[in-house]
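Below are the chains, spelled out letter by letter.
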Amino acid sequence: MDTSPRSVDVLIVGASLSAAACAKRLVDAGLETVCIERKELPRHKICSGILSPRGHRFLLENFGPIPREILHEPTSCTGVAFHFPSAPSIEIDFDGGPTPHLYRRNSDWWAIRRSGVEVQDRTSFVRLEEVEGGVLVDLNRRGRPEQIRARWVVAADGPTSMVVKAVYPGYQETIPWFMVGQKFHDIVRCPLDTRYFHFWFHPGLGHYTWSHARDGRQIVGVGFDVGHNFDAAHRNVVRYLHRRHDVELGPAQDSEGCGENFGLSLINRYVFGRGRVLVTGQAAGFLNMMAEGMSAALHSGAIAGEAVVEAAFHGRPVQEVYRKHIESEVRRCSDQWNPLQILFARPHEADFWKALRKLGWGDRARVVSEVVKFAQLYAKFRWGRQILGQAFHRLVAGRYEAARWI
Ligand SMILES: Cc1cc2nc3c(=O)[nH]c(=O)nc-3n(C[C@H](O)[C@H](O)[C@H](O)COP(=O)(O)OP(=O)(O)OC[C@H]3O[C@@H](n4cnc5c(N)ncnc54)[C@H](O)[C@@H]3O)c2cc1C
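Read on for an overview of the structure. (Residues numbered from 1 in each chain as written. Predicted model: local features only at pLDDT ≥ 70, side-chain atom pairs only at ≥ 80, totals over all residues.)

1. Structural notes on the overall build of the protein chain
Stage number 1. Scanning the protein chain for helices and strands turns up 12 helices and 17 strands.
Stage number 2. Against the compact-globule benchmark of 22 Å for 406 residues, the protein chain has a radius of gyration of 21 Å, which places it among compact chains.
Stage number 3. Considered along the principal axes of its C-alpha atoms, the protein chain spans approximately 75 × 50 × 40 Å.
Stage number 4. When each of the 406 residues of the protein chain is scored for burial, the buried share is 44%.
Stage number 5. Taking the contacts inside the protein chain whose residues are at least 6 apart along the sequence as the reference set, 71% of them involve residues at least 24 apart. (Helix = DSSP H or I, 4+ residues; strand = E, 2+ residues; numbered from the N terminus. Rg over C-alpha atoms; globule rule 2.2 N^0.38 Å. Buried ≥ 20, exposed ≤ 12 C-beta atoms within 10 Å, placed from the backbone. Contact = placed C-beta atoms within 7 Å.)

This is how it looks when you write it as structure tokens:
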């Protein structure tokens, strides 16, 4: 009996949106590709499901019309509403109209199937080893050890990537981690406009405080430091929503949370892999403003797939091609956090300045001052100098410094 491991062209780890976009490029090019997912599919993914216009366009162009079953209720999102401790709230609409409110369990599974890739669920990545002409990967498939040999591996396994851990042991202990948690409430009374994703620039509530409607319930979410008490932070927000916005919610029915590698895109510290292993999506550090990660996951995944196609058919060095072509996505993502771009360009597909201009001068000044006060919450991470350094480099060179990538 032949006990040698199966050989494929590409192994993708994780079955999310970055994986689907990557798989689409590889399958279209005729490369034998297997995508593994540790959970049973379709799998749950904690996410608000708010898609940027660019992410929306990517889905339509690559996977076709959006079916109803991949959407939550309300089925679309008009934009973002910002709230402040004392300044008036502002509503900022997405360019080009509302975008789909994705139900990640179904949308990711839909995109993966539309890519045509072979998927193995309940199969976890365990470790890898570069061998002559490829990578030998140990898996745990439905409780049994297995091996697969791939010419290239693409890590699309999200913020706590095991592949990143395998390629760069110790790296994940060197970056800051954020905890986010959300609870689902029955609604007694909620004047918050259901067409918007609501975000609070309020240092007294936490690093990241949000709320929105989903399937007849109201989500209340909060970001908090590792080691802090999620329940207490959440209770504080619910009380505040009641006091300030006249929101009355029933007790929380469900609750969930996770850790986020937020911060890498702010300071241009992406992780793109080594040798025949490429890292993409949020595993690489892509996260846009408002924790919008889906559009960057889709685009970076597609670029990883294109780099492998170049390597497979034109013998090009895969890392070199990937790192060259990923520059465009780095620019889009890091621009969203770049103060010079925010002031003088328009990196978001929603017009903050237009919304601000609707206010009188005094209120505009209060909004800006409260955003600045809120940003001081992040001072402890000492990102300020790095952000400014990268912003000036981008201004002068037209791109971010590739030497900072890992
Ligand atoms: C609370 C919250 C709200 C968010 N809201 C939004 C939003 O509204 N809009 C938005 O655009 N983004 C949002 N995001 C961010 C967004 O969810 C991510 O940026 C995006 O899903 C990243 O996609 P990805 O393809 O890189 O990886 P992920 O979506 O993280 O998927 C990784 C996949 O890999 C699998 N996997 C992990 N380890 C292994 C392993 N060892 N072996 C096999 N498989 C593995 C996982 O099970 C998962 O299926 C939110 C995130 C959180 C936490």
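Still to come is the rest of the account.
2. Points about the packing of helix α6 (residues 294-314) against helix α7 (residues 318-325)
Stage number 1. Two numbers describe how α6 lies on α7: the axes approach to 9 Å, and their chain directions differ by 145°. As for how α6 packs across α7, the hand of that crossing is right-handed. Here Ile 303, Ala 304, Glu 306, Ala 307, Val 308, Glu 310 and Ala 311 of α6 come into contact with α7, specifically with Val 318, Val 321, Tyr 322 and His 325.
Stage number 2. Of the residues assigned to the contact of α6 with α7, the class counts are 8 nonpolar, 1 polar and 2 charged. (Axes fitted to C-alpha atoms, helices over the stretch in contact; angles between N-to-C directions. Left-handed = near helix turned anticlockwise from the far one by under 90°. Nonpolar A, V, L, I, M, F, W, Y, C, P; charged D, E, K, R; others polar.)

3. Description of the site of the ligand
Stage number 1. In the region of the ligand, 38 residues are neighbours, and Gly 14, Ser 16, Gly 158, Gly 281 and Gly 293 sit closest.
Stage number 2. Listing elements by their share of the shell around the ligand, those giving two or more residues are α1 (17-28), β8 (123-131), β11 (178-189), β15 (248-260) and α6.
Stage number 3. Here the shell around the ligand takes 3 residues from α1, the largest share from any one element.
Stage number 4. Residue composition of the shell around the ligand, grouped by class: 18 nonpolar, 12 polar and 8 charged.
Stage number 5. Both of domain 1 (1-78 + 99-174 + 262-406) and domain 2 (178-260) provide at least three residues apiece to the shell around the ligand. (Near = placed C-beta within 6 Å. Domains from an automatic or database assignment.)

4. Overview of the environment of Phe 178
Stage number 1. With respect to the helices and strands, the residue Phe 178 is situated in strand β11.
Stage number 2. C-alpha separation for the pair Phe 178 and Tyr 208, spaced 30 residues apart in sequence, amounts to 9.6 Å.
Stage number 3. Residues within four places of Phe 178 in sequence aside, it is in contact with His 207, Gly 223, Gly 259, Glu 260 and Phe 262.

5. A look at the nonpolar core
Stage number 1. In this structure, Val 153, Val 154, Ala 155, Val 163 and Leu 278 are the most contacted members of the largest nonpolar core, which totals 107 residues.
Stage number 2. Among the elements that take part in this core, α6 stands out by supplying 11 residues, more than any other.
Stage number 3. Split by domain, this core shows at least three residues from each of two domains, domain 1 (1-78 + 99-174 + 262-406) and domain 2 (178-260).
Stage number 4. Val 163 has contacts with Val 13, Phe 125, Val 153, Ala 155, Asp 157, Val 277, Val 279 and Ala 283, leaving out every residue within four places of it along the chain. (Core = buried A, V, L, I, M, F, W, Y, C linked by C-beta atoms within 7 Å.)

6. Topic: the pairing of strand β10 (residues 144-155)
Stage number 1. Bridge analysis of strand β1 (residues 6-13) against β10 gives 7 bridges, and the strand direction is parallel. By the bridge assignment for β10, Leu 11 is matched with Val 153.
Stage number 2. In the sheet, strand β9 (residues 134-141) pairs with β10 via 7 bridges, with the strands oriented antiparallel. Looking at β10, one finds that Asp 138 is bridged to Gln 147. (Pairing = 2+ DSSP bridges.)

7. Observations concerning the environment of Phe 58
Stage number 1. Within the secondary structure layout, Phe 58 lies in helix α2 (residues 53-63).
Stage number 2. Along the backbone, Phe 58 and Ala 21 are 37 residues apart, and their C-alpha atoms lie at a distance of 9.0 Å.
Stage number 3. When sequence neighbours within four positions are dropped, the list of residues in contact with Phe 58 reads Ser 295, Leu 298 and His 299.

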